[in-house]
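Chain by chain, the residues run as shown.
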Amino acid sequence: MNPLKIACATVNQTPLDWEGNLSRILKAIATAKEQRADLICFPELAITGYGSEDLFLSYWYPQKALSQLAKLIPYCQGITAAVGLPVRMADKVYNTVAVIENGILKGFVAKQFMAIDGVHYEFRWFTPWQAHEVIQLEWQGEEVPFGDLTFHKNGFHFGFEICEDAWRGPVRPGYRLKDRKVDLIFNPSASHFAMGKTLERKDLIEFSSKTFDCYYAYVNLLGNESGRMIFDGEILLAKDGDILGRNQLLSFQDFQVLTFTLENKEQNPAPIQAKEWEFVQASSLGLFDYLRKSKSRGFVLSLSGGADSSTIAVLVAEMVKRGIEELGLDTFLEKLNLKFSPKTSDPEKEIVGELLITAYQGTKNSSEDTFQSARKLAKSLGAKFYSWTIDEEVNSYTQKIEKAIGRKLTWEQDDITLQNIQARSRSPIIWMLANLNNALLLSTSNRSEGDVGYATMDGDTSGSISPIAAVDKYFIIHWLRWAEKALDRPGLAAVNSLTPTAELRPLERTQTDEEDLMPYSLLVEIERMAIRDRRSPMDIFLLLKEEIELKESVLKEYIKKFFRLWARNQWKRERLAPSFHLDEFNVDPKTWYRFPILSGGFEEELRQLDQL
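Owing to the predicted nature of the structure, the values given are computational and were not obtained by experimental measurement. (Residues numbered from 1 in each chain as written. Predicted model: local features only at pLDDT ≥ 70, side-chain atom pairs only at ≥ 80, totals over all residues. Heavy atoms only, no water.)

Quick one: what's the story with the packing of aromatic side chains, residue by residue and with numbers?
Under the definition given, this model contains 34 aromatic pairs. Aromatic pair Tyr-94 and Phe-146: ring centres 5.9 Å apart, planes at 70 degrees, arrangement edge-to-face. Separated by 52 residues along the polypeptide, Tyr-94 in strand β4 (residues 92-101) and Phe-146 in strand β7 (residues 142-147) bring together distant segments of the chain. Each of the two residues, Tyr-94 as well as Phe-146, counts as buried. With a centroid separation of 5.2 Å and 50 degrees between ring planes, the pair formed by Phe-252 and Phe-288 is classed as tilted. Of this pair, Phe-252 sits in the loop between β15 (242-246) and β16 (255-261) while Phe-288 sits in helix α5 (residues 275-293), and the two are 36 residues apart along the sequence. Phe-252 gets classed as buried once you look at its relative accessible area, which sits at 1%. With relative accessibility at 0%, the residue Phe-288 sits in the buried group. Three or more aromatic residues link up through ring pairs in this structure, and these residues are Phe-562, Phe-563, Trp-566, Phe-585, Trp-592, Tyr-593, Phe-595 and Phe-602. (Phe/Tyr/Trp six-rings, centres within 6.5 Å; stacked < 30°, edge-to-face > 60°. Helix = DSSP H or I, 4+ residues; strand = E, 2+ residues; numbered from the N terminus. Buried < 20%, exposed > 50% of the residue type's maximum accessible area, 1.4 Å probe, protein only.)

Help me get a handle on the packing of helix α6 (residues 307-327) against helix α14 (residues 473-486), residues and values and all.
Between α6 and α14, the shortest axis-to-axis distance is 10 Å and the interhelical angle comes to 55 degrees. Relative to α14, the element α6 lies oblique. The element α6 and its partner α14 pack so that their crossing is left-handed. Contact with α6, carried on its side by Ala-307, Asp-308, Thr-311, Val-314 and Leu-315, involves Lys-473, Ile-476, Trp-479 and Leu-480 of α14 and no other residues of that element. Within the contact of α6 with α14, the residues separate by chemical class into six nonpolar, one polar and two charged. (Axes fitted to C-alpha atoms, helices over the stretch in contact; angles between N-to-C directions. Parallel < 35°, antiparallel > 145°, perpendicular 65-115°, else oblique. Left-handed = near helix turned anticlockwise from the far one by under 90°. Contact = heavy atoms within 4.5 Å. Nonpolar A, V, L, I, M, F, W, Y, C, P; charged D, E, K, R; others polar.)

Now, about the side chain of Thr-363: what can you tell me, with residues and values included?
Within the secondary structure layout, Thr-363 lies in the loop between β18 (356-362) and α9 (368-381). Polar side-chain contacts of Thr-363 include one of 3.4 Å to the side chain of Gln-422. (Polar contact = N/O pair within 3.5 Å; in protein donor to acceptor, adjacent residues only side chain to side chain.)

Would you mind going over the sheet that holds strand β9 (residues 156-160) in detail, with residue names and values included?
To summarise the sheet geometry, strands pair through backbone hydrogen bonds and adopt either a parallel or an antiparallel arrangement. Taken in spatial order, the six strands of this open sheet run β8-β9-β10-β11-β14-β15, and their pairing is mixed. Each having just a single partner strand, β8 (151-153) and β15 make up the two edges of the open sheet. In this sheet, neighbouring strand axes are inclined to one another by 25 degrees on average, regardless of whether the strands run parallel or antiparallel. The pairing of strand β10 (residues 184-189) with strand β11 (residues 215-220) spans six bridges and is classified as parallel. For Ile-185, the partnering residue across the bridge sits in β11 and is Tyr-216. (Pairing = 2+ DSSP bridges.)

A description of the pattern of salt bridges should follow, citing residues and the corresponding values.
Taken as a whole and judged by the stated rule, the model has 36 salt bridges. Close ionic contact of Asp-54 with Arg-124 constitutes a salt bridge, the shortest N to O distance being 2.8 Å. Of the two residues, Asp-54 sits in the loop between β2 (39-41) and α2 (60-72) while Arg-124 sits in the loop between β5 (104-110) and β6 (134-139), which places them 70 residues apart along the sequence. Its salt-bridge partner being Asp-472, residue Arg-447 comes within 3.4 Å of it at the nearest N-O pair. One end of the pair, Arg-447, is in helix α13 (residues 447-452); the other, Asp-472, is in the loop between α13 and α14, with 25 residues separating them in the sequence. Relative accessible area serves as the criterion here: at 0%, Arg-447 is assigned to the buried category. Each of Arg-201, Asp-232, Glu-234 and Arg-246 takes part in salt bridges that share partners, so that together they form one network. (Salt bridge = Lys/Arg side-chain N within 4 Å of Asp/Glu carboxyl O.)

Break down the pairing of β10 for me, with residues and values.
Buried residues dominate β10, accounting for six of its six residues. The alternating pattern of β10 places Leu-184, Phe-186 and Pro-188 on one face and Ile-185, Asn-187 and Ser-189 on the opposite face, and all of these are buried. By the bridge criterion, three bridges tie β9 to β10 in an arrangement that is parallel. Paired with Phe-158 across the bridge in β10 is Leu-184. Following the backbone out of β10, through helix α4 (residues 197-211) and into the adjacent parallel β11, one traces a crossover that is right-handed. (Right-handed = clockwise from strand over helix to strand, strands pointing away.)

Listed below in structure tokens is the structure:
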């Protein structure tokens, strides 16, 4: 028996882009044929895109997907293709993979388990299929098998686990496929990117290939499909517990096709990258896709010279650098619909200048250090840089209120109000700059600030998109130091020399973020236990008091501060600009973590903590 040659194709799809989605699938099939593949597998829901949300509940949307499948079938002469799409039967919608061979639809495999944790809410749209059940579905006047199916190709017996199916331990379909003596299992997935997640997948695919005694092929969707979730396009092949082949994650290409011969030997597996690399690659791709799919003309950023805005500026510059390196200059510009002819020997910097406009918006409370930090970074990246002060606007608002209430505002009595009016006064003019340029305004909030509401609503939270809102400040500070050297970004030297500060109080009051809140290293530990692990205040105290050197009374106060601020500021998290899901968890109530806007604020739980 000659070895089977398979292809795994990752595609960067967009909901409702019917023509584009189909075109990318057809181009991938043509590429697989050129590489003499016998069988090609696409990711989960490749025809529609995974992020179609409540469109899946429509009657017309799954029907449209079937019509796209009909257009696809004639292009599958001389190859077997497996492609994902939703199928509606009466009042139920199923998440399926259609298998086509030599231009004939052979059947539909239906997903048996729905992902219902973290960013996934599949039960809202899809009904799980029952194991062993097979029915007949009418298709263009004929009946086609639908359900729990396996297939044969050139003497090889193959079946499917669709994404979540593989993560269900002893009840997963793989065990039943082993009983049916399959030689190959495909896992077409729409698995969100998270830093470090590839290691979990590697373990799962290796375990699966060994446990089920078969080749196991995994293929994931690619890119920032519909706004928040980024897919990394990972492709893996394993046998006997070893990875035989792997692509590099997070490509800027429209699609990638990897072909493998089903022989138990290594086939050029790409290395697994560090978390820092994954962060910048995923963020860059996320920004690139968001920019081109929103048909915007660039980005505008209020560049304070601090850690958060500087991180975002570097991510935009890296988007340009990595996009050009992978796509080539002409294709990069074409995909962004950017009419531009380089005039110097450094087109990368020129393009950053076309795409990124920054502004330093100082007040009398701003320091020369942060101004120089912002200016030097913008210059080193090639970004346009403006600077102005907003004291006139702040004074105007302040004087109107003072006149209305009949007294002067003071820092002793009105601290938060006087801080917030500065942040809010920056918003209208930076929005104006974004509007003038048909650009996306980049919000600079991070996850740590989102946890505790350390942000001014309609101030620094203003924006079209918030790229780092799912990443904690402790990681951001670490990443900036890494990026200065590893990415050769010397403009970060001044940024990395500064202590994080909002610069909203008078300079003589020496404001710093960690004095306002708590050490970021501790905040992230409390956050992980409270949000990711869903532990109570008491549990967190009992665990942390054994792990860190801190007076118990101080630790208790920090834990109480976190939970009180968390409960009080849910309304802010509800209003944050859309953010990328980049880490193992986030605090976005529209995706990962839902919490009541009004609550008792953990009062009883915090009293119990005091009693310990």
